[in-house]
Structures are given as structure tokens and as C-alpha cells.
Amino acid sequence: MSRPQPLSGFPELLPRQRIVEQQVVDHLRRAFELHGFANLQTRAVEPMDQLLRKGETSKEVYVLRRLQSDERDTSDAELGLHFDLTVPFARYVLEHAGKLNFPFRRYQIQPVWRGERPQGGRYREFWQADIDIVDQGELPAHYEVEVALVVADALRGLPLPKVTMHVNNRKLSQGFYQGLGIRDTDEALRIIDKLDKIGPDATAKLLIDGVDATPEQAEACLKLAAISGEDASFADEVRALGVSDSLLEEGLAELTAVVEAAASAAPGFVVADMKIARGLDYYTGTVYEVFIEGEEHLGSICSGGRYDKLASDGKNTYPGVGLSIGVSRLLVPLLQAGRLDATREVPTCVLVALNHEDDRPAANATAQRLRARGIPVQVSPSAAKFGKQIKFADKRGIPFVLFTNDEGDQIKDIRSGDQATVDLDTWNPPAEDLHPRITAE
RNA sequence: GUGGUCGUAGUUCAGCUGGUAGAACGCUUGGUUGUGGUCCAGGAGGUCGCGGGUUCAAGUCCCGUCGAUCACCCCA
């Protein structure tokens, strides 16, 4: 009982890992803003009826309770921590609709909480980076293309393993099932979503038992789910299955648009994949899931879709489309495996060495001269032997140590050992050393 | 919530069929009288997750508990 133990599902990073996370988040933020998304923060808690509407009863919501609350005090009893950023956003849009301009696009990067059993890549507290575009009444389909491209843009340029976005359209699948004569297309979709896990035979059996499909219908559903492709030719394969339905045609057109746009804007990133279904039942059109190549067992590191009825006050509906990047799921496993790291564990670029404790005021002034030009500097903790002061910098990855002696101000690059007299008002570190950088494997 | 595995120094681990704890790395001191990284010599650091039981004796066996981890469920 001496040292506190970690809490499963609540990952905490070391400073050098946090540097990586921070830079990734900065990168995402810049990318979202380049596409015109405004930032938003919503409170951590939502009323339980907001969190649980749409029948999301299976969500493991953390409920808020005051420790000293008395049995009869129910004032906080109806609050829970949000488990994603989409539901709070829908609530926010309804609440502030009068002050927002539509179509409205926003990004949100915040922690969310789910009371599920944690394991690799699954946490009880984790960060999501979420983008959504909502409109009033009708949402043009081109936004379903746009959000995919924004995510492609945001993930590109990060030193990550190859990631691929798998896209489907619920209208396509459900239209197909409907055209086949299957009644409960929602349930059929949920069953198809399990295909990868339980295999085709078990899936067929579930379809026959669960939605009264005939063996032939189940077979057709599996054939559809098997179709995938990086270009519009997937649509021909679907049509070749011989099912005709207007909803199916709508879905085919929309999915084709996404795939074609992505193929030219971000080649190799998007693949049409008819077995993507998404368990969440509020999705109504395009659905997206992004996987890390070779790390598919982690599940999707970014997913979302179009939702037409999530935000509705009865009079007005605000259809939207959005994607959430699971920042923690994306980074924590890679950090723990050492596949991502930072060049140093502190922002400090230069350590000012001390000759004597009495020199501290002068050293502070020296440091301040460099800081004034944007160079992160700290002064040595003590006037220990120079070897120790260099070691202090080395252990933290600080690349430069500044000595002041008879020669003047000298900067030592402790990686190469090179030391040279410099002019403090003009000296600059190489651009790549000014701030810590992310290194991959 | 259900099931499997695991829990020994800061870290990674060893400890055979029970005989009151070890290595490597890290940390620290010195060799190196103010410029580190190599090398050498020393040093510190563990109520073996916690509680109970069996035994002359438990890190080792049994039970419980807590924690971690994997699979299921579900999802970012």
C-alpha cells in the first residue's frame, strides 16, 4: 500500500509521451481550422435523459453523485458524464440554435468517459477529436464527402503507421436488404456488423433466425458485405447482385461520390467496404471507420457518420455528419509500444550552465535574452560540476548547454560535443531543435 | 457484467519438487580538483499486492480480497 497503483482504463502519460500527444492534438487542431471548423467545448456532464435518448441504454454511463448528498436530495441524480462528443453537441445545437449560423461546423477535442472493461486501446477515460457539420432542415450530401477529406487531411502529415478509412452507406445496405424483402433492416445491419468477428456461417444463421431471412437472402447479404474497393467499380459489383431498390440507388450514388472524391484528393486513404455497419443506430447515411494497418485488433481509431434525426426539437431538425478521432486509442498503444516518441521530454532547448551560485541573476538575464527570441531556456538547478550540469541536460534530451567563460558565451551541442562562441542576440538553434519533435519507431 | 492469466528492487525479470530474496539496466559515490556519454571500483534500494490458512518453516501450497491484463460484450 506504499505506492499508488495505476487505475486501469485511465491512462496517464509520461512527459515525453504527453509531448507527442500535445503535438498531435495541435496538428489536428490546425487541420480542422484550415477547413474552417470553429472550436467548441461542452460541459463534462449531461442530463441522463439526453445521454440515454435514442435508446442508447447499453452505454456504460458514469453517473454523477455528491458524496454527502442525502437520500432525498436528487438534484444531481440526473447527471452523467458524456460518453462521446456527438450527443452533447446535438444537445448544444438545439440549445443554442437561435445563436448559431447554419450550416454550422465545429470541432471539439475533449475527454469522454465510458464505464466499460478496459483493455489495449480501450479506456474508461479517453480523448476524442470530433468534427461535425450540421444544417437546418436539410443537409446536402456533399458534406459527407467533405468530412472524410478533412479527416484524411488531418491524419496525413502525422508520423503514424498507414491508416485506411472504410466507408459504407446505410441507405445502400438497408435499401439492399429491403429490396431483398427483409423487413427488419436495422437488425440485419447490426448482425452484419458482427461478420468480421463471428464469421460468415454464424452471421448467416443469425440473419435466418433474427430477421427471418431465407438462406438465399442471407447469402445475398453476405455477398454484399464481401464487396469492397478503392474506386467506383464497387457499385457495379453491387448492381450485379441483381437487387433493385430506390434507397439502394441513393446509397450507391452517395457512396460513389465519397469514394471518387477521396480517390483524387487523398489517394489510397478511403476504401468502400460494404461490411461496415456501425452499431450506433442514429446513423442514417454514410458511415466511416478508420483502422491502423496491422493494428486492426484495436478497432476503429476514428469513426462516425451521417445522422438525420439526432438533433431535433420536434419543430426543427438539424441533420449532421461527423467523425470522431479516438486520440487515446490512436496514440496510447503506439506510445506504450515505443513506436512513437519525442526527441526530448522537456520543451527546453538550451540549459544555461552556472559557474557559481552568485551568477544566477546574470544567468537568468542571459536566459531571458534567448527567450525573448522564442527559444525555450532554463537555468541549471545548481552550480554543480559542469559534467553534472551537462548530464542534467542529457538526461532530459536538452540539446544545448550554454557556458559563459573568458571566451564569452559558448553554446555546446551535447550530442556532437561541438562548442563554439556565439552572439546571444543572433544565435539560433537549427529549426528542428527549437522544439521537441515526434519520432516514429 | 462473464471467463482465462498474472501480481518479487525505480524498470525488465530470475527464484527448480516449500528452508526467512537475486541479476541486468537505472540511480548514487569515487577514480576524473569544474565539460557528460566509455571503462573501473564501491553504495543505496524489496513488510515478495493485501488479509487469512496449512506447516517446525511460505515469494513458493490453499482460500479470500484488491489490482493489472487478455477474451466476450460493446465501442474511439
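As the structure is a prediction and not an experimental result, all values here were calculated from the model. (Residues numbered from 1 in each chain as written. Chains lettered and ligands numbered in written order. Predicted model: local features only at pLDDT ≥ 70, side-chain atom pairs only at ≥ 80, totals over all residues. Heavy atoms only, no water.)

Our next topic: the overall build of chain A. Regarding its fold elements, chain A presents 14 helices and 18 strands. Over its C-alpha atoms, taken along the principal directions, chain A stretches across nearly 90 × 60 × 50 Å. The proportion of buried residues among the 441 residues of chain A is 50%. Look at the contacts in chain A between residues 6 or more apart in sequence, and 70% of them connect residues 24 or more apart. Carbon and sulfur atoms make up 49% of the accessible area of chain A, which totals about 21500 Å². Computed over 51 positive and 67 negative side-chain charges, the inter-centroid distance for chain A is 5 Å. (Helix = DSSP H or I, 4+ residues; strand = E, 2+ residues; numbered from the N terminus. Buried < 20%, exposed > 50% of the residue type's maximum accessible area, 1.4 Å probe, protein only. Contact = heavy atoms within 4.5 Å. Areas by Shrake-Rupley, 256 points an atom, 1.4 Å probe, with all protein chains shown as cover. Lys, Arg positive; Asp, Glu negative; His and termini not counted. Charge placed at Lys NZ, Arg CZ, Asp CG, Glu CD.)

With that settled, the discussion passes to the domain arrangement of chain A. Domain annotation for chain A reports domain 1 (15-341) and domain 2 (350-440). For domain 1 and domain 2, the distance between their C-alpha centres works out to 48 Å. Each partner contributes to the interface: domain 1 provides eight residues, whereas domain 2 provides five residues. Remark: the boundary between domain 1 and domain 2 carries zero salt bridges. On inspection of domain 1 and its partner domain 2, the count reaches two residue pairs in polar contact (both at pLDDT 80 or more). Taken together, the elements giving at least two residues each to the side of domain 1 that touches domain 2 come down to helix 1 (15-34) and strand 12 (340-342). Residue contributions to the side of domain 1 that touches domain 2 peak at four residues, all from helix 1. Classifying every residue of the side of domain 1 that touches domain 2 by side-chain character gives five nonpolar, one polar and two charged. (Domains from an automatic or database assignment. Salt bridge = Lys/Arg side-chain N within 4 Å of Asp/Glu carboxyl O. Polar contact = N/O pair within 3.5 Å; in protein donor to acceptor, adjacent residues only side chain to side chain. Nonpolar A, V, L, I, M, F, W, Y, C, P; charged D, E, K, R; others polar.)

In this section: helix 11 (residues 327-336). In terms of burial, helix 11 is largely enclosed, as eight of its 10 residues are buried. Within helix 11, burial applies to Val 327, Ser 328, Leu 330, Leu 331, Val 332, Pro 333, Leu 334 and Leu 335. Summarising the contacts, the buried residues of helix 11 are in contact with helix 1, strand 5 (125-134), helix 4 (142-155), strand 9 (286-292), strand 11 (320-326) and strand 12. Phi for Gly 338, located one or two positions after helix 11, is positive at around 75°.

A few words on unusual backbone geometry. Residue Phe 102 is joined to Pro 103 through a cis peptide bond whose omega torsion reads -5°. With respect to the secondary-structure elements, Pro 103 resides in the loop between helix 3 (86-96) and strand 4 (104-113). Positive phi, normally seen in glycine, also occurs at Asp 212, with a value near 55°. Relative to the elements of secondary structure, Asp 212 occurs in the loop between helix 7 (195-210) and helix 8 (215-225).

Think of a pair of aromatic rings as described by two things: how far the centres are apart, and how the planes are tilted against each other in angle. Under the definition given, this model contains eight aromatic pairs. Judged by centre distance (6.4 Å) and plane angle (80°), the rings of Phe 176 and Tyr 177 are edge-to-face. By relative accessible area, which is 0% here, Phe 176 ends up buried. Since its relative accessible area comes to 1%, Tyr 177 is described here as buried. A network of ring pairs unites the aromatic residues Tyr 282, Tyr 283 and Tyr 307 as a single cluster. When the ring centre of Phe 89 is taken as origin, the NZ or CZ atom of Arg 106, which lies over that ring, is 3.9 Å away. (Phe/Tyr/Trp six-rings, centres within 6.5 Å; stacked < 30°, edge-to-face > 60°. Lys NZ or Arg CZ within 6 Å of the ring centre and 35° of its normal.)

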